[in-house]
Every structure is written in C-alpha cells, then in structure tokens.
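An overview of the molecular structure
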Amino acid sequence: MTEFSVLDLVPVREGGTLTEAFAASTALAIKAEELGCKRFWVAEHHAMEGIAGGATSVVLAHIGNATNHIRIGSGGIMLPNHTPFQIAEQFGTLDALFPGRVDLGLGRAPGAGPELQKALRKNLHQASEYFPQDAVELRALLTGDIELPVTATPGMGSNIELWMLGSSLFGASLAAKLGMPYAFAAHFAPDHLDAALALYRRDFQSSKAFEKPHVMVAMNVFAAESVEAAQILASSQQQSFVALRTGSPGKLPPPIKDYTATLPAPARAMLDHLGQAAAVGTPESVRVDVDAFVKRTNADEIILCGSTFDPEARLRSLHLTIAACENATV
C-alpha cells in the first residue's frame, strides 16, 4: 500500500500576512495527521515574498508542537546554503523535542542569485560542488559513523531519517551510493523522473538505515466536487509557476476561472508538461490519476503538493484526495 505525505511551501497569499501563512500551514499539518498521512515536509526558499519557509527548522518546531505523531521534516534543506554542523544542531534539537518524528531531506540546488549569495555570505556555486562531501559530513555528525574532530550537541546520536532530494540523475546516484531514501521533485521538474528512479534502484547500496531502495515522488494534486472547481483551485499555483518562470514571482494570487485559456502557447505547454505529475479533478478522477502515477513510478510514497489561495480549500482537497485514494493504490 502506497503511503501519502504532504509537502508545504508555507505560501503567503496576496492580501495575506506571514502570520496567516504560518497558521494555515499548521492547520494543514493537523489535518494531514488526522487523515493518517505519514509526513509533513516544509521546503526551504529564500527572498521570495510568496513563500515563508526560509527558517525551515523554526517552522518545523512550531508544527511539531501543534501535532502529535506525524513525521515532520524538510523537503528540503538546501545544504549549500548552510554548514553541515549548523544543520546537525538544528535538526538534533528538533529530534530532542520530537523524538523519532524528524526527517531531514537534503537538496543540492541553492537557487540563489548574486544578491542572495552575498546575504548568505556564501559562494553557492562552490558550495554546491562540495555537496556530496557535506552530506557525508552531516550524516557523520548525526551518527558518528565517521570520526570527526568536533561533536554536534544537539545532533550526535539523533534518531533522524535522512533523505536525498533531487530532480536529476545526480541526486539519484548520490542517494544510491549513500544508501539513503530518495525523493524526486516531479511536481516542478518531471523530465528525468523515470531515468532517475531506475538509476537509483539499480545502483542502490544498502546502509545501516536502509537495506533496500525507498522512493517518494512529489505530485501536485487538487481535488474538488467538480472538475471545474478543481481547475479553479489549481489556477493560483499555476499562476505562481508562470510568474516564477517568467522572472516575476510574487505572493500567491487569487484563482482565475479558465486561466490556462488565457495563456500564450509556451506557458500552456509548460503547465501541460508539469501536468504529467499532477491530478486535478473530482475525487474519482484524482484517484485514477494518482493510481496511474503510482503504477508508473512504483513509488513507496507519494508526497502531495498544491497551494490554494483559500487555505480551507486545501484542507478540503487533501481530505477528498486521501479518502479517494486510501484503499485504491497498489
């Protein structure tokens, strides 16, 4: 049985506040726990007024305190933005606060221009090149599998589940080499999905944490009582995707009816391409699309994405999705 989790960007909507964004994400995590989802992950982004998850470990601490048993984690921490020691301390603290509930998903792409690099005091291009070594060092700081001259406290001995994130063959190869579970970001970069999963499973080397490969794939899902209603819900995120790809990101905009019909051909093609890792429609059509995606990827887990302008609509969408898919996937 495929398990389901939730990925949240902590979206800030037009006319809304950061306080409202954090409250909406917390309510979503509580709902995900009620519905039996396995994990609730928050993604790290910086200098984007429409995404409030930059201080990822702080957001996770708040969400952990509002929930009881759902796993909480990063989807992901962009390690080039940080030192391994800092992340070991932060997530070691989370593990001490919420024992046995913490995931640490690691990503390589900092996604930062020169202004943000300067603000972070980092040469992010160089830091990305050191990502494999930093990932190994971070694991050692948590597990002690390699002797290091310094001990992270909190950190050392934490019961944290380490994940590798990716959208290319690089992350798949590194996850396989390190014996880590692998999460593929098909929700915004589906091009290398099949090849990456095949490479990961073929080259996987067992580790103390995982004896066999374990795959989670991200999918955009919007469910509503009608196809039209679901398409309207999805239009806020679609607008955000188009704005980001055209260099004008902002806060999450209100939904627009028949939004895709208003777009030029290149923008429609981009959204259609992302649609191969999406399900938008009634609970029954979502169930069919999710089931087909699971069969395609043979994923152990699906992590559900999809920001809506109305936070209550996302709660409803998640409820409809889990209810429809609960006993339907293989």
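See the structure shown above.
Residues numbered from 1 in each chain as written. Predicted model: local features only at pLDDT ≥ 70, side-chain atom pairs only at ≥ 80, totals over all residues. Heavy atoms only, no water.

Section: the packing of helix 8 (residues 193-203) against helix 11 (residues 283-297)
Running from amino to carboxyl end, helix 8 crosses helix 11 at an angle of 45 degrees, the nearest separation of the two axes being 10 Å. One finds that helix 8 runs oblique with respect to helix 11. Of the residues in helix 11, those touching helix 8 at L193, D194, L197 and R201 are F293, R296 and T297. For the contact of helix 8 with helix 11, the class distribution of residues is three nonpolar, one polar and three charged. (Axes fitted to C-alpha atoms, helices over the stretch in contact; angles between N-to-C directions. Helix = DSSP H or I, 4+ residues; strand = E, 2+ residues; numbered from the N terminus. Parallel < 35°, antiparallel > 145°, perpendicular 65-115°, else oblique. Contact = heavy atoms within 4.5 Å. Nonpolar A, V, L, I, M, F, W, Y, C, P; charged D, E, K, R; others polar.)

Points about the environment of G281
Along the chain, the position of G281 falls in strand 8 (residues 278-281). Overall, G281 belongs to the buried group, its relative accessible area being 0%. On a C-alpha basis, the gap between G281 and A299 in space is 22 Å, while along the polypeptide they are 18 residues apart. Not counting residues up to four positions away in its chain, the partners in contact with G281 are F222, A223, A224, S226, V227, A230 and V286. (Buried < 20%, exposed > 50% of the residue type's maximum accessible area, 1.4 Å probe, protein only.)

Thoughts on the pattern of salt bridges
If you walk through the whole model with that rule in mind, you get 15 salt bridges. Across the pair E3 and K38 runs a salt bridge, and its minimum N-O distance is 3.1 Å. Linking E3 in strand 1 (residues 3-8) with K38 in the loop between helix 1 (18-34) and strand 2 (39-42), this pair joins segments that are 35 residues apart in sequence. A residue is classified by how much of its surface remains accessible, and K38, at 27% relative accessible area, is partly exposed. Among the salt bridges present, the one from K295 reaches D291, with a minimum N-O distance of 2.5 Å. (Salt bridge = Lys/Arg side-chain N within 4 Å of Asp/Glu carboxyl O.)

Observations regarding unusual backbone geometry
Following G75, the chain continues into G76 via a peptide bond in cis, with omega recorded as 5 degrees. The topology assignment puts G76 in strand 3 (residues 71-78). Cis peptide bonds are those with omega within 30 degrees of zero, and the linkage from T153 to P154 qualifies with 0 degrees. Considering the arrangement of structural elements, one finds P154 in the loop between helix 6 (131-143) and strand 5 (161-166). Here V10, not a glycine, exhibits a phi torsion of approximately 50 degrees, which is positive. Within the fold, V10 resides in the loop between strand 1 and helix 1.

Quick notes on the side chain of R101
Mapped onto the elements, R101 comes out in the loop between helix 3 (84-97) and strand 4 (102-107). Separated by 3.4 Å, the side chain of R101 and the backbone oxygen of N68 make a polar contact. What R101 contacts, discounting residues up to four positions off in sequence, is E33, G64, T67, N68, H69, I70, R71 and I72. (Polar contact = N/O pair within 3.5 Å; in protein donor to acceptor, adjacent residues only side chain to side chain.)

Here we look at the pairing of strand 1
Burial analysis of strand 1 places five of its six residues in the buried class, which makes it a mostly covered element. With four bridges joining them, strand 1 and strand 9 (residues 301-305) adopt parallel strand pairing. Along strand 9, the bridge assignment pairs V6 with L304. Across three bridges, the pairing between strand 1 and strand 2 is parallel. Bridging from a neighbouring strand, L7 pairs with W41 of strand 2. Between strand 1 and its parallel partner strand 2, the chain crosses via helix 1, and the hand of that crossover is right-handed. (Pairing = 2+ DSSP bridges. Right-handed = clockwise from strand over helix to strand, strands pointing away.)

Describing the environment of A223
Within the fold, A223 resides in strand 7 (residues 215-223). By relative accessible area, which is 1% here, A223 ends up buried. Put simply, A223 and Q126 are 97 residues apart on the chain and 42 Å apart in space, counted from C-alpha to C-alpha. When near neighbours in sequence (up to four residues on either side) are disregarded, A223 contacts A230, L233, G281, V286, S317, L320 and T321.

Side note on the packing of aromatic side chains
Counted under the stated rule, the structure contains four aromatic pairs. Relative to Y200, the ring of Y182 lies with its centre 5.3 Å away and its plane at 40 degrees, an arrangement referred to as tilted. Here Y182 is found in strand 6 (residues 182-184), whereas its partner Y200 is found in helix 8, with 18 residues between them in sequence. Of the two residues, Y182 and Y200, neither departs from the other in class, the shared state being buried. Ring-pair connections join several aromatic residues into one group, and the members of that group are Y182, F184, Y200 and F204. (Phe/Tyr/Trp six-rings, centres within 6.5 Å; stacked < 30°, edge-to-face > 60°.)

Points about the pairing of strand 7
Of all nine residues making up strand 7, nine are buried, and the element is well covered by its neighbours. The alternating pattern of strand 7 places V215, V217, M219, V221 and A223 on one face and M216, A218, N220 and F222 on the opposite face, and all of these are buried. Across three bridges, strand 6 lies against strand 7 in parallel orientation. Across the sheet, Y182 pairs through a bridge with V215, a residue of strand 7.

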